[in-house]
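Here is how the chains run, residue by residue.
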Amino acid sequence: MQLDKENVRSVQVLGIDAGGTMTDTFFVDAEGDFVVGKSQSTPENEALGLIASSKEGLEHWGLTLEDALEKIQTGVYSGTAMLNRVVQRKGLRCGLIVNAGMEDFHRMGRAIQAYLGFAYEDRIHLNTHYYDEPLVPRHLTRGVMERVDMSGTVVIPLREETARVAARELIAQDVEGIVISLLHSYKNPDHERRVRDIVEAEVKASGKTIPVFASTDYYPVRKETHRTNTTILEAYAAEPSRQTLNRISTAFKDHGSRFDFRVMATHGGTISWKAKELARTIVSGPIGGVIGAKYLGETLGYRNIACSDIGGTSFDVALITQNELTIRNDPDMARLVLSLPLVAMDSVGAGAGSFIRLDPYTRAIKLGPDSAGYRVGVCWPESGIDTVTISDCHMILGYLNPDNFLGGQVKLDRQRAWDAMKEQIADPLGLTVEEAAAGVIELLDSDLRDYLRSMISGKGSSPSNFVCFSYGGAGPVHTYGYTEGLGFEDVIVPAWAAGFSAFGCAAADFEYRYDKSLDINIDEHAHEHDKVAQAAILQAAWDELSERVLEEFALNGYAADKVELQPGFRMQYRGQLNDLEIESPIARAESADDWDALVEAFNETYGRVYAASARSPELGYSVTGAIMRGTVPIPKPRIPSEELHEVAPPEASKLGTRQFYRKGKWVDAQLYQMESILPGNRIFGPAIIESDATTFVVPDGFETWLDEHRLFHLREA
């Protein structure tokens, strides 16, 4: 990572991760070199934090924001604003049209929505279950008379007058969006599209401007509650977020940018902020880190990676196996079941800003799930926070430099953290302040360690088969704690860990993806004509989805010949509950041989994910969905490759010493400046490696060395 002051750079790519606590920016120049910027998030106006972070990062290159924006070709945004809007139920006022007799199904939801996010002990007791307020209230829901059965056959023709009445009543209620979701419309969309046309005509006649969202135009997939929730998100949360992204884009254009932002999508690619299906970007920040880890793994040869990201509010974990991501097709988010392709991730509501409290009955320490967010903790005098956080423990124990948080942008006060910890936690438990703070950190690290272990063992594997990547602003502080004793093949902390999710955004493909549910069933030894017939059904779905992909790219100025199409499908053995997503080995499915190629690809993947002995071709095969991805090439960051130096770090990298507390005693830790450490240098704990954006803690009993790619490798000595 270059940190010089030259002004001859041609900056090409900007990656952004607007988190709940910090906003990271990641700039890549024409040579592939990069630099990271960091600033506190500004939830009231995200553009302010993004501009501040950009300026901070570009200072390392001696560039002004205006100088850089003149040449930047592409910018990629990721953030949590849309998810926060859903969690807080602060979306638009929407109306919903469903089948007559089904007006209550959205508010009833599915049983799982009553306990999503609960601990095990709360899941098993019905009296702890509850339903959140529906995105669309009952009084804004209307029914229309029609019915299509599960095979797509019309059972009751559409009574068009009921659609007109429903539309007029919702328009009179001053709704800001109207969603249409009818039973089994993914099998036969005719009725739903006719209702859409009727509603649009009524809206036009009213003289109002109200967008209309039909599920078949957005998410033509099975599972009514999932599909309905996701389509509602387009009206309820995606449209306000589109305006936020428009304001961000405008703010950068005011400083001279000439590009339109793309947004990290749930499937791991990026799409335009003007894209039709913007709900696909509901959670984007943590996904950037996973994509960054995959890109590093493909470049450097790491095939099995455990991704661990600690920010201010959460600990996010994902597994990459044999260079492949797991994609969930019906994930849950904000206590809603959805129909979105989502990179499989799990989160614990514990981060550097998590609040620490004592249970009033058991006196046990409780961490989170709420967080101070960008306000850090009691240690920041201007925070307005009076409840201690994990960051306050970092201050008390000597992990953080109070004068160098965000490079000195924020000045912290250790004594404030000390006094609050003493009053709230230490004195009630009869502990010293150091013991209380250390106990909190040990509890957090233990929880994270157990969670990481269970994630891997749940896949039938062992940590010894994985390389653990640790990143996020608070990741390097805790890396030693949550990896200790797990036996990973290697533990890696990138020198740019604080901006790693933004790095992943810069490394992500410009990609649109569309899915469609199918029901194709065929025996293991099917006749050739049956294989041809089923291949034709799949190909028809691919053709339909290809049109949608190319249409989106055309809106962004890319002709069809510039887009690389990659078909895919979801398949399972007949009778099984879970399917697998497979990248198609063929471009088109037309012949019996083509069908056999698809089956072979499925069997090979199944044997790799589970075991070769678990294959069950005698059951026959079911294709449950068609997938089409379209990508265009973009410039990506170059992984550093620098000359190795001697083992001893240069004297210029040493910043003196600072005491930190661990295992019941204070020790003198050697301080290092991260940017001054050279590839090949080896550092033995106790040590603290500081940069403006993060702090890497190497306690006694551990050592780390920096490789030629500016990746720190941590191991127990």
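Since we're looking at a predicted model, the values are computed, not measured.

1. Some details on the overall build of the protein
And step 1. Of regular secondary structure, the protein possesses 17 helices and 35 strands.
And step 2. A globule of 717 residues ought to have a C-alpha radius of gyration of about 27 Å, and the protein, at 27 Å, matches this closely.
And step 3. On the principal axes, the C-alpha backbone points of the protein span a range of 80 × 55 × 55 Å.
And step 4. Out of the 717 residues belonging to the protein, those deemed buried represent 58%.
And step 5. A sequence separation of at least 24 residues applies to 69% of the contacts in the protein between residues at least 6 apart.
And step 6. With the model as given, the accessible surface of the protein reaches about 28,400 Å², and the carbon-plus-sulfur share is 48%.

2. Focus on the packing of aromatic side chains
And step 1. Taken as a whole and judged by the stated rule, the model has 30 aromatic pairs.
And step 2. Ring geometry for Tyr471 versus Phe500: centroids 4.5 Å apart, planes at 35 degrees, classification tilted. With a gap of 29 residues between them, Tyr471 in strand β23 (residues 467-471) and Phe500 in helix α15 (residues 500-507) connect regions that are remote in the sequence.
And step 3. The cationic tip of Lys276 hangs over the ring face of Tyr218; the distance from NZ or CZ to the ring centre is 4.9 Å.

3. A closer look at the domain arrangement of the protein
And step 1. If you check the domain split of the protein, you get domain 1 (89-236), domain 2 (354-442), domain 3 (514-536 + 562-627) and domain 4 (640-716).
And step 2. For domain 2 and domain 3, the distance between their C-alpha centres works out to 53 Å.

4. Some points on the pattern of salt bridges
And step 1. Within the structure shown, the criterion is met by 48 salt bridges.
And step 2. Note that Glu161 is salt-bridged to Arg168, the shortest N-O span being 3.8 Å.
And step 3. For the salt bridge of Arg588 with Glu590, the shortest nitrogen-to-oxygen distance reads 2.9 Å.
And step 4. For Arg588, a relative accessible area of 39% gives the class partly exposed.

5. Here we look at the sheet that holds strand β33 (residues 695-698)
And step 1. The strand order across the open sheet built from four strands is β29-β30-β32-β33, with neighbouring strands paired in mixed fashion. Looking at strand neighbours, the two that pair on one side only are β29 (654-662) and β33, the edges of this open sheet. With direction set aside, neighbouring strand axes in the sheet form an average angle of 25 degrees.

6. What to know about the UniProt feature "domain: Acetophenone carboxylase-like C-terminal" (unreviewed entry) in the protein
And step 1. According to UniProt, the "domain: Acetophenone carboxylase-like C-terminal" (unreviewed entry) feature falls on residues 526-716.
And step 2. Structurally, residues 526-716 is divided into 24% helix and 35% strand, and its ends, taken at the C-alpha atoms, are 56 Å apart.

7. Section: the nonpolar core
And step 1. One finds Phe252, Met421, Phe469 and Trp496 to be the most contacted residues of the largest nonpolar core, which totals 186 residues.
And step 2. Per-element tally for this core: the top contributor is helix α13 (residues 433-457), with 11 residues.
And step 3. Core analysis: the next-biggest nonpolar cluster, separate from the first, contains 37 residues, Tyr512, Leu545, Met571 and Trp595 among them.

8. Topic: empty space enclosed by the protein
And step 1. Per the counting criterion, the structure on display carries five cavities of 30 Å³ or more.
And step 2. Quantified by volume, the largest cavity comes out at close to 200 Å³.
And step 3. Surrounding the largest cavity, 20 residues form its lining, Val36, His60, Glu675, Ser691 and Ala693 being those nearest its centre.
And step 4. With four residues, strand β3 (residues 34-40) is the single largest residue contributor to the lining of the largest cavity.
And step 5. Of the residues in the lining of the largest cavity, the class split is 10 nonpolar, six polar and four charged.

Rules of the game
Residues numbered from 1 in each chain as written. Predicted model: local features only at pLDDT ≥ 70, side-chain atom pairs only at ≥ 80, totals over all residues. Heavy atoms only, no water. Helix = DSSP H or I, 4+ residues; strand = E, 2+ residues; numbered from the N terminus. Rg over C-alpha atoms; globule rule 2.2 N^0.38 Å. Buried < 20%, exposed > 50% of the residue type's maximum accessible area, 1.4 Å probe, protein only. Contact = heavy atoms within 4.5 Å. Areas by Shrake-Rupley, 256 points an atom, 1.4 Å probe, with all protein chains shown as cover. Phe/Tyr/Trp six-rings, centres within 6.5 Å; stacked < 30°, edge-to-face > 60°. Lys NZ or Arg CZ within 6 Å of the ring centre and 35° of its normal. Domains from an automatic or database assignment. Salt bridge = Lys/Arg side-chain N within 4 Å of Asp/Glu carboxyl O. Pairing = 2+ DSSP bridges. Axes fitted to C-alpha atoms, helices over the stretch in contact; angles between N-to-C directions. UniProt positions renumbered as here; feature names shortened; annotations may be inferred. Core = buried A, V, L, I, M, F, W, Y, C linked by side-chain atoms within 4.5 Å. 1 Å grid on protein atoms, 1.4 Å probe; cavity = no way out; pocket = protein on both sides within 12 Å on 5 of 7 lines; lining within 4 Å. Points joined across faces, edges and corners; volume = space filled by probe spheres on them. Nonpolar A, V, L, I, M, F, W, Y, C, P; charged D, E, K, R; others polar.

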